[in-house]
Structure formats: C-alpha cells, structure tokens
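Here is what each chain is made of, one letter per residue.
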Amino acid sequence: MPATSEDIAEAARVLGRGGLVAFPTETVYGLGADAADAAAVARVFQVKGRPASHPLIVHLAGTDQLSDWAGDVPDVARRLAERFWPGPLTLVLRRGSRVALEATGGLQTVAVRVPAHPVALALLAAFGGGVAAPSANRFGSVSPTTAEHVRTELGDGVDVVLDGGRCEVGVESTIVDVTGDVPAVLRPGGVTREDLEAHLGHALAVPSTSRVRVPGQHPSHYAPRARVVLVPAEDVIAEAEVARQRGHRVGVLVPPSAAGVAVKAHAQIAVPASTAAYARGLYEYLREFDRQGCDLIVASTPADEGLGLAIANRLRRAAGPRPAE
Ligand code: TXA
Ligand code: MG
C-alpha cells in the first residue's frame with residue numbers, strides 16, 4: 001500500500017520521538033533517524049549492523065536548509081546543488097554543529113543530499129530537520145529498492161516503513177567531496193560523471209572503481225549471499241557452464257551481447273540494453289538469484305560510462321573478497 005499523507009505525518013512524528021523510519025528515495029530505500037539525535041542515530045547503526053565509524057548521509061527537504069547542517073558551503077557546492085537537487089547527488093561538506101557527531105562517524109565533514117522522491121520530500125518537509133539515513137539493508141548486503149525488501153531484511157528493527165513503490169534510479173547517489181581544492185567523486189552513482197563534468201566545465205577525478213577506499217566502503221559491499229564472479233561479456237556463457245559442471249547452482253546475468261544464446265544454468269536474467277533499466281533492476285536481480293538458491297552469480301561489467309560506471313562499481317564490490325574468506 002503506497003504511503004498516504006497521514007502515514008507520512010505519523011512517520012514525521014516517529015522521527016521526532018527518536019524512532020526509525022524507512023522511506024523511499026529515487027535511488028534506494030533509506031533507514032532514517034533524526035540527524036540531530038545521537039541516540040536515534042545510534043539505533044540506525046545497531047539495526048543495520050554497521051560499524052559506528054561509517055558515516056551516514058543527512059537528507060534535507062531543500063537547499064535552503066544547507067547552511068543549518070553544513071559549516072561552510074563553497075560556490076562549487078551551490079552550483080552542483082542548484083543543478084542536481086533534488087536528485088541522486090550527495091555532497092560532502094564541512095560539518096555543521098546541528099549534526100550529531102555519531103551521524104558523521106566522528107568526522108568533521110558531513111554528507112548531505114536532497115532526494116527526488118515525493119514521499120521522501122514530504123517526510124523531510126513534515127519533519128523539518130535533517131534525516132540521517134543509510135540504505136535500509138543489513139551492513140554489506142544489497143540495497144533495498146522496494147518496501148518489501150526493507151520489511152524482509154530489517155523486520156521489527158524499524159518503527160515505520162513508508163512504501164513509495166519501486167525506486168526509479170536503483171543504485172545509490174553519486175558522492176562528491178567538495179571540501180578540497182577540486183571536487184572529487186568518492187562513489188559513482190545516479191548522477192553520471194559526464195553530467196557533472198558538463199556542468200562544472202572540467203574533468204573530475206574518479207577513483208578506480210575496483211579500488212575505491214572511502215570511509216564505509218569495504219571490499220565486499222552491495223553483495224548478495226551468492227558469490228559473484230565477473231568475466232568479460234564474451235566469456236559469461238562459457239564461465240557459467242564450467243561453474244555448473246563443477247556443481248554450482250549458477251545464476252547468470254546474461255549481457256545484451258549474448259541475448260538469445262542458450263545457457264544451461266539454475267537461473268538466468270537477461271540484462272537490459274539500457275543502462276538506466278539495468279541500474280533500476282540490478283539489486284532486484286541479485287536478490288532474485290539469492291531467492292532461487294544460487295550459490296554463484298556469473299556476470300560481466302558494462303562499460304565505465306554513464307550509469308554503467310555505477311553498475312560496474314557495485315558489481316566489482318559485490319565480487320570483492322568476503323570477510324569470511
Ligand atoms: O542514494 C543514497 O545515497 C542512499 C539513499 C538512502 O540516500 N544512501 C546511501 O547511504 O547509500 P549509505 O550509508 O549506504 O552510503 C553512504 C556512503 C558511505 O559509503 C559513506 O562512507 C559515505 O556515504 N559518506 C557519508 N558521509 C561521508 C563523509 N563525511 N565523507 C566521506 N564519505 C561519506
Ligand atoms: Mg549502503
């Protein structure tokens with residue numbers, strides 16, 4: 001059932017009492033708490049199973065609230081905010097005094113964004129303050145893109161789950177650090193590097209997607225239960241066959257270039273040719289393979305351009321070494 005205005009008003013009251021509210025954004029669902037309430041923020045970390053040193057994103061209703069939550073807003077931040085908010089862009093700025101230190105993992109910087117989802121914006125406007133929210137999944141696992149994902153994964157840990165349908169973008173926001181001399185992309189996401197560069201008029205440093213190290217990003221992240229193996233697109237079908245012969249229950253993300261090629265696998269999903277459609281479905285595909293009991297997923301990464309950069313980044317992280325290995 002989609003959230004009604006009464007549900008949203010009640011959720012805002014729950015936030016005001018220090019409760020936790022899962023809410024839809026255009027990227028993925030967030031697990032929100034009052035960003036000024038240290039105890040509420042501590043519960044977010046507890047419910048997610050996330051180490052306290054990993055900072056959260058503070059969500060705001062509008063750019064006009066920025067000066068309340070950030071200590072210093074450089075021109076470049078204003079230019080990016082004007083162009084891309086509401087939208088899937090997160091800016092890292094100097095921390096303002098209203099933000100609970102717990103929300104920033106003890107850092108003197110804060111990540112902020114104005115999401116482009118009517119339910120999120122209504123909630124943020126009704127609440128009036130900043131809402132600290134990581135993706136509403138257990139630490140390290142696949143981000144939720146439906147309310148059902150959140151309920152299944154976090155259950156009673158959340159006081160309210162607002163349903164806003166399936167997330168349009170499907171991968172998390174792009175994080176840009178604007179505290180230094182030049183803006184730096186910390187995480188590729190829903191706003192493409194090309195769009196950022198076109199607006200800024202210069203090239204941006206983007207970390208190698210296979211070796212991004214920012215706080216809160218461990219080698220294996222965005223990961224389903226099944227192990228993920230990445231190979232070039234032309235090798236996906238053969239790799240899946242070899243894994244099947246070795247006794248794996250294989251899930252295959254069939255790349256557009258292999259569409260229609262016969263593949264013997266436990267489960268298979270044809271990757272859409274459009275990267276926007278691929279990004280929208282990516283986490284659902286990974287969850288589906290888990291649901292079907294696959295223990296291995298064979299996939300290839302799309303080209304590192306447009307939304308393909310974010311998809312490739314998430315797949316590489318999903319394929320990263322597991323803590324238990
Ligand atoms: O699309 C999104 O960004 C979603 C929705 C719910 O807004 N949120 C999300 O949050 O993906 P989370 O917690 O899963 O990822 C937040 C990322 C982490 O990688 C964290 O390290 C980074 O933001 N981050 C937060 N504060 C930071 C800071 N002060 N400096 C550098 N990175 C920061
Ligand atoms: Mg996350």
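Everything below is about the structure printed above this text.
Residues numbered from 1 in each chain as written. Chains lettered and ligands numbered in written order. Predicted model: local features only at pLDDT ≥ 70, side-chain atom pairs only at ≥ 80, totals over all residues. Heavy atoms only, no water.

Undergrad: Talk me through the nonpolar core; I want residue IDs and the actual numbers.
TA: Judged by nonpolar contacts, the single largest core of 47 residues is most densely connected at Leu80, Leu89, Leu91, Val112 and Leu196. Of all the secondary structure elements, the ones that give two or more residues to this core are β2 (30-34), α2 (38-48), α3 (66-69), α4 (75-84), β4 (89-94), β5 (109-113), α6 (147-154) and α7 (193-200). Setting aside anything within four residues of it in sequence, one finds Leu80 in contact with Trp85, Leu89, Leu91, Val176, Val178, Leu196, His199 and Leu200. Listed in part, the 26 residues of the second largest apolar core include Val228, Leu286, Cys294 and Ala299. (Core = buried A, V, L, I, M, F, W, Y, C linked by side-chain atoms within 4.5 Å. Buried < 20%, exposed > 50% of the residue type's maximum accessible area, 1.4 Å probe, protein only. Helix = DSSP H or I, 4+ residues; strand = E, 2+ residues; numbered from the N terminus. Contact = heavy atoms within 4.5 Å.)

Undergrad: Hey, could you go over the sheet that holds strand β12 (residues 267-270) for me, with residue numbers and the actual values?
TA: As summarised here, the arrangement of the four strands in space is β10-β13-β11-β12, forming an open sheet in which the pairing is parallel. In this open sheet, the two strands that pair with only one neighbour each are β10 (227-230) and β12. On average, each strand axis in the sheet is inclined to that of its neighbour by 20 degrees, with strand direction left out of account. Inspection of the sheet shows strand β11 (residues 250-254) paired to strand β13 (residues 296-299) by three bridges, in the parallel sense. By the bridge assignment for β13, Val250 is matched with Leu296. (Pairing = 2+ DSSP bridges. Axes fitted to C-alpha atoms, helices over the stretch in contact; angles between N-to-C directions.)

Undergrad: Tell me what's going on with the environment of Leu154, and back it up with residues and numbers.
TA: Mapped onto the secondary structure, Leu154 falls in helix α6. Look at Leu154 and you get buried, because its relative accessible area is 9%. Not counting the four nearest positions on each side in its chain, Leu154 is found in contact with Leu31, Val47, Ala136, Asn137 and Arg138.

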